[in-house]
Structure formats: structure tokens, C-alpha cells
Amino acid sequence: MDPATRIHELRQLLRHHEERYYVHDAPEISDAEFDARMRELSALEAAHPDLIEPDSPTQRVGGRPAEGFPTVAHLEPMLSLENAYSADELREFHARLCRTLDVDPATPLPYVAELKIDGLSIALTYERGRLVRGVTRGDGVQGEEVTTNVRTIRAIPLRLGGQSPQMSVPEVMELRGEVYFPRAEFQRVNDEREAEGEPLFANPRNAAAGTLRTLDTAIVSRRGLRVFLYQVVLPQGNAPVASSHHDTLAQLQAWGCPVERHHRLCVGIDAVLDFCEEWREARHALAFETDGVVIKLDDVALRATVGATAKFPRWAVAFKFPAEQARTRLKEIAVNVGRTGAVTPYAVLEPVRLGGTTVQMATLHNEQEIARRDIREGDLVFVEKGGDIIPKVLGPVLAERPFDSAPWSMPTQCPNCHSPLTKPGNEVVWRCDNIACPARIRRSLQHFASRRAMDIEGLGESLVDQLVTLGHVHTYADVYSLTDDTLAALDRMGPKSAANLVAAIGASRNAPLWRVLHGIGIRHVGEGVAKALARAFGAMATLRAAPLEQIEAVPDVGAVVARSVRSFLDDPRNQAVLDAMAARGVQMADAHGGDADTLRALTGKTFVLTGTLASMPRDEAAARIEALGGKVSSSVSKKTTYVVAGTDAGSKLEKAQALGVTVLDEAQFQALIMA
Ligand code: IVH
């Protein structure tokens, strides 16, 4: 292949994977594979400089910022790190540094080795020691302003020098570090998502990225994100806060910032290699995920001497631990039916130890992937556990393939209800379209009863299982016909728990409309859309009668969502279920009757909350506003009606003042919501 064609091909490929990684937070290939392609492209461009184009993936710092948050420029670009995958590559990094510094390669340069946190980089601006802004990395030059979300992370000091306020801090500075999920919090969040039928986060990094971009601050605050800081950036012309990196970390700590405590001053590259070796296994016992070690030249003056390329500092490198792999037998390829009817294959494995846990299931993505990798039942396969919680099957060991093996094919029928599976032409996912499929009903009911939907306490997974298996429940409506006697006869139930459950089911008849809309499992309708629809229509009957255009006109509801809502409500099977629910006393209407009818006190008003309120937590304030028909947004714009400023209010307050938006103090806000 001629170089121009290959260069073009690589650019397309890298752009695709950059978008998967930076914009969608859903990478399809490993970092190592990506880096290998990037290196190949860099080498080709270096050999053919006439083919370099300004928009090649090699010619920019990072990806594109996502939409939805205001964009803010960084004080100086947030660079990325070059990766090293072996001791040799680390030695090469050291040798290169020595060449640049014009010193003997045997020189024992002082380095600081830090654990590489598997999270998301963040830049925090402090003015006179107060946190005024939090910005994601974005494309490295500018990122998304997520200050309200960042302020909910308790590990981030709102002002520096907490214990000794007289401590001197620079007038303006940007502190940089990594926002991450501790393993335990990550597990908790995923357990909750599973219980609610929401898709799981693949790894803590995706979870942190998804959380920081959440528009609902209350959710962010509950998630338990943490942060480690490791860099101080000052405006041009300012002297550094310390002459070494080691002392900079100590200074950060003295200001009250969280600094990962296992960092070590290593004199010479051998000491660095020892550090990496020590953590190869020990890292599994840490409270957070780490996928490597970051090695940084300690001397700040020397760093300035060696400088940076457009993408990486020359004074630092990331050593990546290899993803852990094991070989085991693939016993069976089974399929799982989700609540929307999506049918996905997964691997049932001979149990094997991998990355500190025993693994017996792994993802196989979809039918196409299985065919592409020619993975068959009975194969000896390689499984890999990288940053993701669910390991993946890499591929078969062909030499060990049983002689009677046959290619796998997707079942043509649903394993649960035996309906034929369908697949629209342009999709990769097969579906069971039978809404009465027991597997779908099981998942759907678990979601319907969950805390963020109808919130029916006591109607958990095992009970749902029994009710579906015994044929007591086929649709959501059947839940409202359950009697004390039926329930008391179930496994692990007695008269008392049966009575409690009947009461909980009874109470859910009066649940607000958004809970019903979220619970009934309309594709693309999450909690936020459900609330927007409830706010606009107020009653299921009104929504059912609404033309597509009217649904599409609701704020926060787009064309795809509106079509999905309309087609759900047009399906006679769904209509029958909704009618039966109504007949069994489920209200499906809010007292206010929707914006279209009676207007509530705060209908049409948009609020931004900033700072700490003394009388109630932020999420409660948000709930009060929403209950009165108002909307809560995370960023101030000309459309904002009120900014409610508590103590320690930051840049939002300034922005409100600049835009002439009305600012309410806590007392004024109280008066408004009490009125
Ligand atoms: S230093 C200019 N130190 O890894 C140097 N980065 O792969 C900037 N990361 O973008 C980074 N732990 O988001 C540094 N101890 C650590 C880190 C760390 C995690 C992240 C950071 C960076 C990425 C590069």
C-alpha cells in the first residue's frame, strides 16, 4: 500500500477511536492498540512531511469537548502523557532525557514516581485560595465548565489552607489532578444501576466521566467521586511554588489538597523500575483502580529546560501495566434478554483466577464480534481484564480447538418465550419483540418497582422472579391485583410482609406521573425525560392524546425520544396495559394537571443554585423547585430566571451579575418557595 493511502486510512481509524474514547466514553480498542496505530501514523508522517495536515490526529492535543456545558480555556494546555509498556521503553525515556539535557546516561536523575489514577483529569481554578471553577480536560486547550458538579466532590477543598487560613497561596492558580471513583463507590453505583435496570458503567473512568457531565448536581453529589491532585499551574511569569515536584506535592498537601500518598522520590531510573515492579501486584489491594505509574522529573527547572511537544511533556512518561490475561475453556455461549428485549450473547467460562478475582463470565459484545474472532463453544480462549469490570474474551487458541467444533450462530428464537428474534437492517443487536416474554417481564418489573421508578418497597428481584414464574404477574397492571393471600403464600413471605407489600403497592397508585412514565420502560425515557413529560402534560391521558409535534416541543425532548414515546403509546398492547392500570386505581396524573392546564407557581422559571444553603441540601432545594413546576439548570445564561446564591457562591454568581440575572439570597428563596 502506498504511504498516502495508509496515512489516510490510519487517520480515519484514529479519528473514529478518538471519538469513541473522548466524546462517547466508550472505547472499542485497548490503549495499547490505539497507541500502536498512532505511532505508525507519526512514523509515516515523519518520513513524508509533505503529507502532514493540520487536522491529522497527530497534530492536536486531544479530543473534542462534549456539548451541554460552557467551554472554558485552560491557563495553559492540559497535555497528555506518552506511554511506556516495558522496562526497555522506560530506560529509553531516561536515555532520551539525558540526551536532551546533554548529561551522561548513567546520571542518577531524581524522579518522582506516582500511581496513575484511572479517572478523568480536572483543572481547578483557585483565586485568592477559593475554588472558583472546575473544568474538564476537553480537547486539552479548552474543556467543559463543570464547577457545580466539582463543588459537590467532598475531597475538593472549597478554600485552601483550611486549618491555617493565614497560609499564603498564590493570587490565581490552576490545580490539576484526577477525579476518580473509589472501587467501593463504583461497585455501589453499579449495584444501584443494576437494580434499576440501567446500563452498567464499564469501568471507573467511564463512570467518573459520565458523572461529571451529569446535568443533575444532586446525582453527582450522591455518587461519591474523589480526587487526587498532582500539579500546580501558575499564570505566566510567576515563580513556581517549589523548586521540586516532591515539594510541590508537599505544598499541595499543606494547602489541604488530597495527594495520593504512595508517591516516591526515586533517584535514578533503576529505582523507578523497582517502584513499578513493587506495584504490579500490590495495586490490586488499593482502594482505587490504577493502570500504571507516572514518572516525572523532579527538578522543576530541568523540566522547563526539556519542555514539551505539542502533545506530551518531555519530562514525564506513563508506565502502563499490561492488562491481565488468562486461558480457560469456553463452556457455552449463552444469551441474555434485557428489559427492552435486546438479546446479547455472553461467555460462560470454566472459572479462572484473573486480576485478583475468579472469573466465570465474560462479554462477547455481539454476534458480529463472535463471527469476526471466530469464537466457538468448547474453545480454549484468552480472557483479558483491563480496566473494565467485566472481562472480555479476546479469541480462541486455534491449535487447541476440539476437532468437532462448529461456528456459533445466534439463536433464531428467544430462549425464554420462543418468539422469533428480529433485527432491523442497520442494527447489530437482535431483539425479542414479544412484550409478554417472561424474561423481559422479569427485568421490566424489577425496573418498574425500583426506587427511581414506582418505588415499591419489598418488590425486589426474588419476589418478581416468583411472581412471573408462577404466572401471577404478566404486566405492570397485574401488580395492582395482587392480594395478601397470593403474596403470603410465596417463598420467604409471611402475612406481615405480604400486608406491607400490599400497602406499598397501594401507595404507588398515587405516585407522581413521572415515576409511571419512567417505570413503564419506554425506550429513551429516563428519569429526566419522564420529569419533563410529566411537567408538560400532567396526565397520562393528555400525553396519550398529544400529537407527535407537541411531544417534540417539550424542552429536553428531542425527535428520537418523541417518536419513541409516540410509538409506545400507539401500540395497542401498551394501551391495554395502561388502561388496566387506570382501572385498578393507578392515578397517572399530577395534581397540577400539566403546564397546559393550571400553571404552578414556578412554571416556566429556570433556577441555578450556587453555593451552600444553610436550610436544606441542594438536592432538596432542587426537588422543591421542581415540585412547583420550575426547572433547575447547572449553568447561568440569559434564559435563567433566578440564581439562588448560598454561602461560598462562586463564578455562577459573577456570571449572573454580569448578565443581569436576578440573584436571590437564601431568605428570598425561602420566601418564594413558601409563597
Ligand atoms: S501527570 C503534563 N500524574 O493520565 C502531565 N497524570 O495518560 C499531566 N493521570 O491526562 C499528567 N494519574 O489524566 C499525571 N499521577 C498522575 C496521573 C495522571 C492519572 C492521568 C491524567 C493524564 C493521563 C495521561
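Coordinates for the structure precede this section.
Residues numbered from 1 in each chain as written. Predicted model: local features only at pLDDT ≥ 70, side-chain atom pairs only at ≥ 80, totals over all residues. Heavy atoms only, no water.

J.: Mind showing me how you'd approach the packing of aromatic side chains here?
T.: Here a ring pair, both rings aromatic, is described through the centre-centre distance and the interplanar angle of the planes. Under the definition given, this model contains eleven aromatic pairs. Ring centres of F93 and Y111 lie 6.2 Å apart, and the angle between their planes is 45°; on these two criteria the pair is classed as tilted. Linking F93 in helix α3 (residues 87–101) with Y111 in strand β3 (residues 110–117), this pair joins segments that are 18 residues apart in sequence. Geometrically, the ring pair formed by F607 and Y642 is tilted, given 5.3 Å between the ring centres and 50° between the ring planes. In this pair, F607 is assigned in strand β19 (residues 606–610) and Y642 in strand β21 (residues 642–645), connecting sequence segments 35 residues apart. (Phe/Tyr/Trp six-rings, centres within 6.5 Å; stacked < 30°, edge-to-face > 60°. Helix = DSSP H or I, 4+ residues; strand = E, 2+ residues; numbered from the N terminus.)

J.: How do you make sense of the pattern of salt bridges when you look at a structure like this?
T.: When the charged atoms of two side chains lie near each other, side chains of opposite charge can form a pair. Considering all chains together, one arrives at 32 salt bridges under this definition. Residue E289 is joined to R183 by a salt bridge in which the shortest nitrogen-to-oxygen separation is 3.0 Å. In this pair, E289 is assigned in the loop between α9 (269–282) and β10 (290–297) and R183 in helix α5 (residues 183–195), connecting sequence segments 106 residues apart. (Salt bridge = Lys/Arg side-chain N within 4 Å of Asp/Glu carboxyl O.)

J.: Please clarify how unusual backbone geometry should be interpreted in this entry.
T.: Excluding glycine, a negative phi dihedral is what most residues carry, and trans is how most peptide bonds are arranged. Of note, the phi angle at D455 is positive, near 55°, even though the residue is not glycine. As for its position among the elements, D455 is in the loop between α12 (438–449) and α13 (461–469). Relative accessible area serves as the criterion here: at 40%, D455 is assigned to the partly exposed category. A positive phi angle, close to 60°, is found at D648, a residue other than glycine. (Buried < 20%, exposed > 50% of the residue type's maximum accessible area, 1.4 Å probe, protein only.)

J.: Even after reading the chapter, I still don't get the sheet that holds β21, so can you show me in this structure?
T.: Sheet architecture is open: four strands sit in the order β20-β19-β21-β22, paired in parallel fashion. Unpaired on one side and paired on the other, β20 (631–633) and β22 (662–664) mark the two borders of the sheet. When the angles between neighbouring strand axes are averaged without regard to direction, this sheet yields 35°. With three bridges connecting them, β21 and β22 associate as parallel partners. Bridge pairing in β22 places V644 opposite L664. Across the sheet, helix α22 (residues 618–627) is in contact with β19 and β20; its angle to β19 comes to roughly 170°. The sheet strands contacting helix α23 (residues 651–659) are β19, β21 and β22, and the helix crosses β19 at an angle near 140°. (Pairing = 2+ DSSP bridges. Axes fitted to C-alpha atoms, helices over the stretch in contact; angles between N-to-C directions. Contact = heavy atoms within 4.5 Å.)

J.: Just to check I follow, could you spell out the site of the ligand for this structure?
T.: In the neighbourhood of the ligand, the contacting residues comprise L81, E114, L115, K116, I117, S121, E178, Y230, V294, K296, P313 and W315. Within the backbone of I117, a nitrogen or oxygen atom sits 3.0 Å from a nitrogen atom of the ligand. In this structure, S121 approaches the ligand through a side-chain N or O atom, which is 3.2 Å from an oxygen atom. Contact with the protein chains hides 89% of the accessible area of the ligand, taken as 530 Å² for the molecule alone. Secondary structure elements with two or more residues in the shell around the ligand: β3 and β10. At four residues, β3 tops the list of elements feeding residues into the shell around the ligand. (Near = heavy atom within 4 Å. Polar contact = N/O pair within 3.5 Å; in protein donor to acceptor, adjacent residues only side chain to side chain. Areas by Shrake-Rupley, 256 points an atom, 1.4 Å probe, with all protein chains shown as cover.)

J.: What am I meant to see in the layout of surface pockets here?
T.: In this approach a probe as big as a water molecule rolls over the atoms, and the regions it shows empty are the leftover space. Approximately 740 Å³ is the volume found for the second largest pocket. Along its surface, the second largest pocket is lined by 29 residues, and I435, R440, G521, F568 and N574 are the ones closest to its centre. Partitioning the lining of the second largest pocket into residue classes produces eleven nonpolar, nine polar and nine charged. (1 Å grid on protein atoms, 1.4 Å probe; cavity = no way out; pocket = protein on both sides within 12 Å on 5 of 7 lines; lining within 4 Å. Points joined across faces, edges and corners; volume = space filled by probe spheres on them. Nonpolar A, V, L, I, M, F, W, Y, C, P; charged D, E, K, R; others polar.)

J.: Quick question: what am I supposed to make of the nonpolar core here?
T.: Nonpolar side chains tend to gather and get buried jointly when the protein is soluble and globular. Counting residues in hydrophobic clusters, the biggest one holds 56 residues, and the most contacted among them are I456, L459, I520, L533, I551, V565 and M581. Elements that contribute at least two residues to this core include exactly α12, α13, α15 (495–508), α16 (513–519), α17 (527–537), α18 (540–545), α20 (559–570) and α21 (572–583). Looking at which element gives the most residues to this core, the answer is α17, with seven residues. Not counting the four nearest positions on each side in its chain, L533 is found in contact with L517, G538, L543, I551, V554, V557 and V565. Counting 34 residues, the second-largest nonpolar core is a separate cluster that includes F69, V112, L131 and I156. (Core = buried A, V, L, I, M, F, W, Y, C linked by side-chain atoms within 4.5 Å.)

J.: Explanation requested: α21 in the structure shown.
T.: An α-helix turns once every 3.6 residues. As a result, residues three or four positions apart point the same way. For α21, built from twelve residues, the straight-helix expectation of 16 Å at 1.5 Å per residue is met to within 8% by its first-to-last C-alpha distance of 16 Å. For α21, the full list of buried residues reads N574, V577, L578, A580 and M581. Angularly, the buried residues of α21 cover 160° about the axis, an arc narrow enough to put them on a single face. Exposed positions of α21 whose direction lies more than 90 degrees from the buried face are P572 and A583. Check the buried side of α21 and you find it contacts α12, α16, α18 and α20. (Expected span 1.5 Å × (residues − 1). Arc of directions from axis to C-beta.)

J.: How do you make sense of the side chain of T248 when you look at a structure like this?
T.: The residue T248 is located in helix α8 (residues 245–254) in this model. Those residues in contact with T248 that lie beyond four places of it in its chain are V232, V241 and A242.

J.: How should the sheet that holds strand β2 (residues 83–84) be read in this particular structure?
T.: Across a sheet, paired strands are connected by hydrogen bonds in the backbone, their directions being either parallel or antiparallel. Strands sit in the order β2-β11-β10-β3-β9 across an open sheet of five strands; the sheet is mixed. In the strand order of this sheet, the two ends are held by β2 and β9 (264–267), each with one partner. Pairing analysis gives four bridges linking β3 to β9, with the strands arranged antiparallel. In the sheet register, V112 faces β9, and the bridge partner there is L265. Across the sheet, α3 is in contact with β2, β3, β10 and β11 (316–320); its angle to β11 comes to roughly 175°.

J.: Can you help me understand α22 in this one?
T.: Where α22 is concerned, the buried positions are A621, A622 and I625. Projected onto a plane normal to the axis of α22, the buried residues spread over an arc of 100° and lie on a single side. Considering only its buried residues, α22 is in contact with β19, β20 and α24 (666–674). Looking one or two places after α22, you find G629, whose phi comes out positive at around 95°.

J.: How do you make sense of the packing of α12 against α13 when you look at a structure like this?
T.: Each pair of packed helices can be described by the angle between their axes along with the distance between the axes. One way to put it is that α12 packs onto α13 with a least axis distance of 9 Å and a crossing angle of 145°. Crossing of α12 against α13: the hand is right-handed. Of the residues in α13, those in contact with P438, I441, R442, L445 and Q446 of α12 are E461, V464, D465, V468 and T469. (Left-handed = near helix turned anticlockwise from the far one by under 90°.)

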